Amino acid sequence: MKKICLLLFCMVSLQCLAQNEGDNDVVQQMGEDELNQLEESHQNTTNVANGINDAIGHLNTALGLYEDAQDLYNSSQALSSGECSPDFSTTPNSMMSSSCKREDECAQCYTRAVGELNFIRRQLGRLGCIYQNTKNFTNSAIAFGDNASGIHAVTGLAWQNARGEIVATMNHFKQTYDNKYRDMIGALERALREIDKCENKYGQEGWFQRSGFIYLEFLKDKYRRND
Amino acid sequence: MYMRLSIFMLFALALLSGGLLRAQPFTLDNITPTELLLVDYKKEDTLRRGLINVTTVNQVKDTAWYFVKGLSMFSPVYFGLTAPEGNGNIRVQLCKDNWKTANRSGETGEKRHYQEQFKTEGDFGIMVIAEQKPASYTMITWTGKEAKEVGITSPFKGEGEGAIKEQGGNFLKENYLYILIGLMVVVIAYLVFKMKKSKN
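Residues numbered from 1 in each chain as written. Chains lettered and ligands numbered in written order. Predicted model: local features only at pLDDT ≥ 70, side-chain atom pairs only at ≥ 80, totals over all residues.

> Would you take a moment to explain the overall build of chain A for this structure?
For chain A, the count of helices and strands is seven helices and two strands. The order of helices and strands in chain A, counted from the N terminus, is α-β-α-α-α-β-α-α-α. For chain A, the proportion of its 227 residues judged to be buried stands at 26%. (Helix = DSSP H or I, 4+ residues; strand = E, 2+ residues; numbered from the N terminus. Buried ≥ 20, exposed ≤ 12 C-beta atoms within 10 Å, placed from the backbone.)

> Help me understand the overall build of chain B, please; the structure alone is not making it clear to me.
When helices and strands are tallied, chain B shows three helices and 10 strands. Taken from N to C terminus, the helices and strands of chain B fall in the order α-β-β-β-β-β-β-β-β-β-β-α-α. Across the 200 residues in chain B, those meeting the buried criterion constitute 36%. The contacts in chain B between residues at least 6 apart in sequence include a share of 76% that link residues at least 24 apart. (Contact = placed C-beta atoms within 7 Å.)

> Looking at this structure, how should I read the nonpolar core?
Generally speaking, a soluble globular protein has its nonpolar side chains buried in company with each other. Counting 44 residues, the largest nonpolar core has Ile90(B) and Ile140(B) as its most contacted members. Counting 23 residues, the second-largest nonpolar core is a separate cluster that includes Met96(A), Ala113(A), Tyr177(A) and Ala191(A). (Core = buried A, V, L, I, M, F, W, Y, C linked by C-beta atoms within 7 Å.)

> Got a minute to help me understand the interface of chain A and chain B in this structure?
How large an interface is tends to be reported as the accessible area lost when its parts come together. Facing the 75 residues of chain A at the interface are 69 residues of chain B. Elements supplying a minimum of two residues to the side of chain A that touches chain B: β1 (26-29), α2 (32-41), α3 (47-64), α4 (69-74), β2 (77-78), α5 (107-148) and α6 (156-202) of chain A. With 19 residues, the top contributor of residues to the side of chain A that touches chain B is α5(A). In the side of chain A that touches chain B, the residues fall into 33 nonpolar, 28 polar and 14 charged. Looking at chain direction, β1(A) and strand β3 (residues 50-59) of chain B are connected through four bridges and run antiparallel. Directly across from Gln28(A), in β3(B), lies its bridge partner Thr56(B). (Nonpolar A, V, L, I, M, F, W, Y, C, P; charged D, E, K, R; others polar. Pairing = 2+ DSSP bridges.)

> I'm lost on the confidence of the model for chain A in this one. Help?
In regions of low pLDDT, the predicted coordinates are not meant to be interpreted in detail. In this model, chain A carries an average pLDDT of 83, and 81% of its residues clear a pLDDT of 70 or more. Scored below 50 in pLDDT, residues 5-19 of chain A makes zero contacts in the model with residues more than four places away or belonging to other chains. (pLDDT = per-residue confidence, 0-100.)

> Please clarify how helix α7 (residues 207-223) of chain A should be interpreted in this entry.
An α-helical segment advances 3.6 residues per turn. Residues three or four places apart therefore align on the same side. Residues and elements named next belong to chain A. End to end, α7 covers 23 Å across 17 residues, agreeing with the expected 24 Å (1.5 Å per residue, within 8%). At Phe 213, α7 shows its maximal bend, which comes to roughly 35°. Restricting attention to buried positions, one finds in α7 the residues Trp 207, Phe 208, Ser 211, Gly 212, Tyr 215 and Leu 219. (Expected span 1.5 Å × (residues − 1). Bend = angle between axes of the 7 residues up to and from the residue.)

> Would you take a moment to explain the environment of Cys106(A) for this structure?
When you line up the elements, Cys106(A) lands in the loop between β2 and α5. Dropping the residues within four chain positions of it, Cys106(A) is found in contact with Cys100(A), Cys198(A), Tyr202(A) and Gly203(A).

> Just to check I follow, could you spell out the pairing of strand β5 (residues 77-82) of chain B for this structure?
Consecutive side chains along a regular strand alternate between the two faces of the sheet. Residue and element names in this part refer to chain B. Most of β5 sits inside the fold, with six of its six residues counted as buried. Covered by surrounding structure in β5 are Val 77, Phe 79 and Leu 81 together with Tyr 78, Gly 80 and Thr 82, the residues of both alternating faces. As paired strands, β5 and strand β8 (residues 113-119) are joined by six bridges and run antiparallel to one another. Along β8, the bridge assignment pairs Tyr 78 with Gln 117.

> Help me understand unusual backbone geometry in this model?
Note: most peptide bonds trans; most residues except glycine with negative phi. All names here are of chain B. Omega for the peptide link from Lys 133 to Pro 134 comes to -5°, which places this bond in the cis form. Of note, Pro 134 is situated in the loop between β9 (122-130) and β10 (135-144). Notably, Arg 112 is not glycine yet its phi reads approximately 60°, a positive angle. Checked against the element boundaries, Arg 112 lands in the loop between β7 (104-107) and β8. Residue Arg 112 is classed as partly exposed on the basis of its 18 C-beta neighbours within 10 Å.

> Could you clarify how one ought to interpret the sheet that holds strand β4 (residues 63-71) of chain B in this entry?
Sheet strands associate in pairs through backbone hydrogen bonding, adopting either a parallel or an antiparallel arrangement. Residues and elements named next belong to chain B. With mixed pairing, five strands are arranged side by side in an open sheet as β1-β4-β9-β6-β7. Edge strands, defined here as strands with exactly one partner in the open sheet, are β1 (34-35) and β7. Bridge count for strand β6 (residues 90-95) against β9 is six bridges, and the pairing is antiparallel. For Gln 93, the partnering residue across the bridge sits in β9 and is Met 127.

> Is there a simple way to explain the environment of Gln175(A) in this structure?
For Gln175(A), the location among the structural elements is in helix α6. For the pair formed by Gln175(A) and Arg112(A), sequence separation is 63 residues and the distance between their alpha carbons is 32 Å.

> Just checking my understanding: could you explain the confidence of the model for chain B for this structure?
Residues and elements named next belong to chain B. On average, chain B scores 82 in pLDDT, and the residues at 70 or more come to 80%. Scored below 50 in pLDDT, residues 1-12 shows six contacts in the model against residues more than four places distant or in partner chains. Contacts from residues 160-169, a stretch scored under 50 in pLDDT, to residues over four places away or in other chains number six contacts.

> Whenever I open this one, the pairing of β3(B) confuses me. Can you help?
Residues and elements named next belong to chain B. With nine of 10 residues buried, β3 is to be regarded as a mostly interior element. Pairing geometry for strand β2 (residues 39-41) and β3, over three bridges, is antiparallel. Directly across from Tyr 41, in β3, lies its bridge partner Gly 50.

> Even after reading the chapter, I still don't get the environment of Ile179(B), so can you show me in this structure?
Residues and elements named next belong to chain B. With respect to the secondary-structure elements, Ile 179 resides in helix α3 (residues 171-199). Residue class for Ile 179 comes out exposed when judged on the 11 C-beta atoms lying within 10 Å of it. Each C-alpha atom, one on Ile 179 and one on Lys 194, is 22 Å from the other, the two residues being 15 residues apart in sequence.

Here it is, written out as structure tokens:
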């Protein structure tokens with residue numbers, strides 16, 4: 001027992017000796033309060049603070065080139081060329097009729113309902129892209145592992161175990177996607193029913209059966225997972 | 001109700017995009033990247049408000065790895081690395097899928113600064129290679145609020161007044177055959193009526 005304790009003590013001591021303070025990178029992340037204080041004071045003269053001020057100056061210069069946040073977003077490209085970008089177009093056959101002009105009294109009722117519809121379309125677009133990106137990421141990780149495992153330290157059985165975990169996680173992700181998809185399609189139908197209420201009040205009766213339903217089916221198909 | 005739904009949806013998406021699978025670029029190597037945590041920034045400023053991470057580093061190893069998560073495809077992202085005077089060149093690679101493939105890359109060079117602007121969903125990795133050690137630098141990762149206009153087109157056939165005007169303009173063109181037949185029927189009926197009258 002004493003020998004074991006002595007051995008453990010020696011191992012810990014050796015490890016401490018090997019890990020000098022200077023052997024590791026020093027990484028300091030600023031908190032919200034710290035950042036606010038720095039920006040407010042602007043009186044720092046130390047090298048570190050000057051470095052941070054320089055970096056913030058570059059950020060301000062970059063952001064200052066744009067009129068507003070929308071302008072900045074419009075001019076940004078996706079980080080990866082293979083990254084999914086949501087497609088919000090509607091096929092002509094699935095487009096809905098509308099009897100409400102914007103200046104009419106129905107506009108208030110309509111604006112709210114259409115706002116909700118567009119919000120859900122936006123989230124569905126994002127959901128679809130998250131799925132597509134994750135699928136691509138998983139496929140590329142598996143292909144990368146399959147190719148590299150023969151020449152890499154992580155070989156054979158170790159990679160097979162890791163691969164199994166990746167596949168299992170992806171399968172779990174598919175279930176999560178399906179659940180979110182169901183929730184969002186439910187929310188989409190509710191939004192279309194709201195438009196139907198406005199149409200019943202101010203325009204065409206039976207709007208959902210004639211137009212809304214076709215659009216709902218179109219979006220159901222568009223975002224349904226087919227693998 | 002709408003507000004509650006919005007919050008629920010955002011929460012649901014955050015859970016989904018929060019990295020069930022991914023939280024950093026894939027690797028078989030024994031790499032443990034440092035997560036750069038985003039904090040609130042300039043809540044009152046319409047352009048600059050969003051989330052930010054400011055990190056100062058004194059790097060003594062050849063390569064350092066970092067990652068940022070929680071980004072939205074509807075928000076712009078800025079990444080900048082600035083080194084103070086006296087530092088050697090620092091190379092930077094921004095990676096999405098794995099650490100071997102850089103999606104954006106560059107170096108600080110004589111300007112002692114490197115920056116990129118892009119949009120992405122979820123996360124991305126940052127690989128920093130110091131040509132001269134130790135290297136000190138500051139990294140800033142900023143992401144703005146989600147954009148309102150993201151290209152959502154109207155699902156309605158000809159929105160509002162414009163559509164109605166367009167329908168009115170095309171009425172003659174689309175129905176000229178029926179109008180012609182109608183006119184002919186009227187003319188024939190008139191002629192038949194005239195003929196009957198003249199017989200009497």
